Structures are given as C-alpha cells and as structure tokens.
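Below, each chain spelled out in residue letters.
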Amino acid sequence: QVQVVESGGGSVQSGGSLVLSCAASGAIGRHRCMGWFRQAPGQKREGIARIVTSAGSQLYQLYADSVKGRFTISRDIAKATVYLDMNSLKPEDTAMYYCAASTPGGCGWSDFAYWGQGTQVTVSS
C-alpha cells in the first residue's frame with residue numbers, strides 16, 4: 001500500500017502564505033497523479049489541486065476555481081514528495097488539508113485512493 005503523510009499546516013494571517021508537504025512511500029511509480037484536498041467543518045471534502053505526470057516529468061496541473069491563481073502544486077518525483085504552495089490565503093481557506101495519491105492510471109477527483117492523515121490550516125483575519 002501507498003502511504004502518504006502531509007505536514008506544514010499551521011495558523012497564518014489573511015494574506016499570508018504556507019507551504020504544505022506530502023511525503024509518499026511505497027510503490028507509487030504507477031500512481032501518476034497526486035492531489036490536495038481540503039475539508040472545512042460541516043463541509044464536504046473538496047479537491048483543490050492535482051498534478052499529472054508522465055515519464056517522470058510534470059505534464060500539467062489542475063486547480064479548483066476557489067484556489068486558482070493563489071495555490072501552486074508541484075511534485076518532486078525523486079523525493080516522492082508533493083508540495084502545495086499557498087499564497088494570498090483567506091479565512092475561507094481554513095480547513096483540514098489532505099494529500100492523496102491516485103489509483104494507477106486515474107486522475108479524476110474520484111480516482112484518489114491513498115490518503116494522508118491531514119494537516120490543519122487556519123487563516124485568521
């Protein structure tokens with residue numbers, strides 16, 4: 001099984017920045033997509049960013065409208081690590097953030113099957 005562990009959450013003022021990291025272990029070579037999700041209290045889990053890779057290179061990144069232009073997802077395949085660079089944070093970004101790996105060959109929001117435990121991000125005004 002693939003294991004993923006995210007870290008880097010914390011508290012930040014509105015307009016600030018945070019970088020989340022996701023360390024993956026296990027056989028993830030066939031898991032070409034990694035993603036970030038978040039869940040605020042009382043809300044459904046929301047996919048916010050995913051990265052598609054091919055032949056060891058980044059192909060493209062996709063973002064939810066709510067974070068587009070503010071968040072950047074990147075992946076270091078050699079280190080088996082995914083990052084989420086969050087800028088211009090807003091109070092509505094407050095949530096538990098989860099990293100996930102997709103099933104082999106899948107990259108839709110519903111294709112992620114391996115999840116981290118979550119890291120809390122709190123943005124105050």
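Refer to the structure above for everything that follows.
Residues numbered from 1 in each chain as written. Predicted model: local features only at pLDDT ≥ 70, side-chain atom pairs only at ≥ 80, totals over all residues. Heavy atoms only, no water.

Read across the open sheet, the four strands follow the order β1-β3-β8-β7; overall the sheet is antiparallel. Of all the strands in the sheet, just β1 (3–7) and β7 (71–76) have a single pairing partner and so form its edges. Strand after strand, the sheet turns through a mean of 15 degrees between neighbouring axes, direction not considered. Bridge count for β7 against strand β8 (residues 81–86) is six bridges, and the pairing is antiparallel. Along β8, the bridge assignment pairs R75 with V82. (Pairing = 2+ DSSP bridges. Helix = DSSP H or I, 4+ residues; strand = E, 2+ residues; numbered from the N terminus. Axes fitted to C-alpha atoms, helices over the stretch in contact; angles between N-to-C directions.)

Glancing now at the state of the cysteines. On inspection of all chains with the given rule, the structure shows two disulfides. Two residues share a disulfide in this structure: C22 and C99, whose sulfurs sit 2.0 Å from each other. Taking the sign of the S-S torsion, -80 degrees for the link of C22 and C99, the bridge is left-handed. Separated by 77 residues along the polypeptide, C22 in strand β3 (residues 18–25) and C99 in strand β9 (residues 95–102) bring together distant segments of the chain. Here C22 matches C99 in class, with each residue buried. Residue pairing for C33: its cysteine sulfur links by disulfide to C107, the two sulfurs lying 1.9 Å apart. With the S-S bond torsion at -115 degrees, the cross-link from C33 to C107 turns out left-handed. With C33 in strand β4 (residues 33–39) and C107 in the loop between β9 and β10 (112–115), the pair connects residues that are 74 residues apart, well separated along the chain. Owing to a relative accessible area of 19%, C107 belongs among the buried residues under this scheme. Each bonded cysteine of the protein gets a number by its place in the sequence, and the pairs then read 1-3, 2-4. (Disulfide = S-S within 2.5 Å. Buried < 20%, exposed > 50% of the residue type's maximum accessible area, 1.4 Å probe, protein only.)

All right, on to the environment of E6 then. With respect to the element layout, E6 can be found in strand β1. For E6, a relative accessible area of 2% corresponds to the buried category. The spatial distance from the C-alpha of E6 to the C-alpha of W36 is 9.7 Å, given a sequence separation of 30 residues. Beyond its immediate stretch of four places on either side in the chain, E6 contacts S21, C22, W36, Y97, Y98, C99, G116, Q117, G118 and T119. Within polar-contact distance, the side chain of E6 engages the backbone nitrogen of G118 at 3.1 Å. (Contact = heavy atoms within 4.5 Å. Polar contact = N/O pair within 3.5 Å; in protein donor to acceptor, adjacent residues only side chain to side chain.)

Let's shift gears to the nonpolar core. In this structure, W36, L84, M86 and Y97 are the most contacted members of the largest nonpolar core, which totals 27 residues. Looking at this core, the elements with two or more residues in it are β3, β4, β5 (46–54), β7, β8, β9 and β11 (119–124). Beyond its immediate sequence surroundings of up to four residues, M86 is in contact with G16, S17, L18, L20, R70, F71, Y97 and V121. Grouped together as the second largest cluster of nonpolar side chains are seven residues, F37, Y98, A100 and F112 included. (Core = buried A, V, L, I, M, F, W, Y, C linked by side-chain atoms within 4.5 Å.)

What follows concerns the packing of aromatic side chains. All chains considered together, the criterion is met by three aromatic pairs. Between F37 and W109, the ring centres sit 5.5 Å apart and the planes meet at 80 degrees, which makes this aromatic pair edge-to-face. Here the residue F37 occupies a position in strand β4, and W109 occupies one in the loop between β9 and β10, the gap between them amounting to 72 residues. A centroid spacing of 5.2 Å and a plane angle of 75 degrees characterise the contact between F37 and F112, whose relative ring orientation is edge-to-face. With F37 in strand β4 and F112 in strand β10, the pair connects residues that are 75 residues apart, well separated along the chain. Here F37 and F112 have matching classes, each one buried. Taken together through their ring pairs, the aromatic side chains of F37, W109, F112 and W115 make up a single cluster. (Phe/Tyr/Trp six-rings, centres within 6.5 Å; stacked < 30°, edge-to-face > 60°.)

By themselves, these observations are geometric and do not establish any function.
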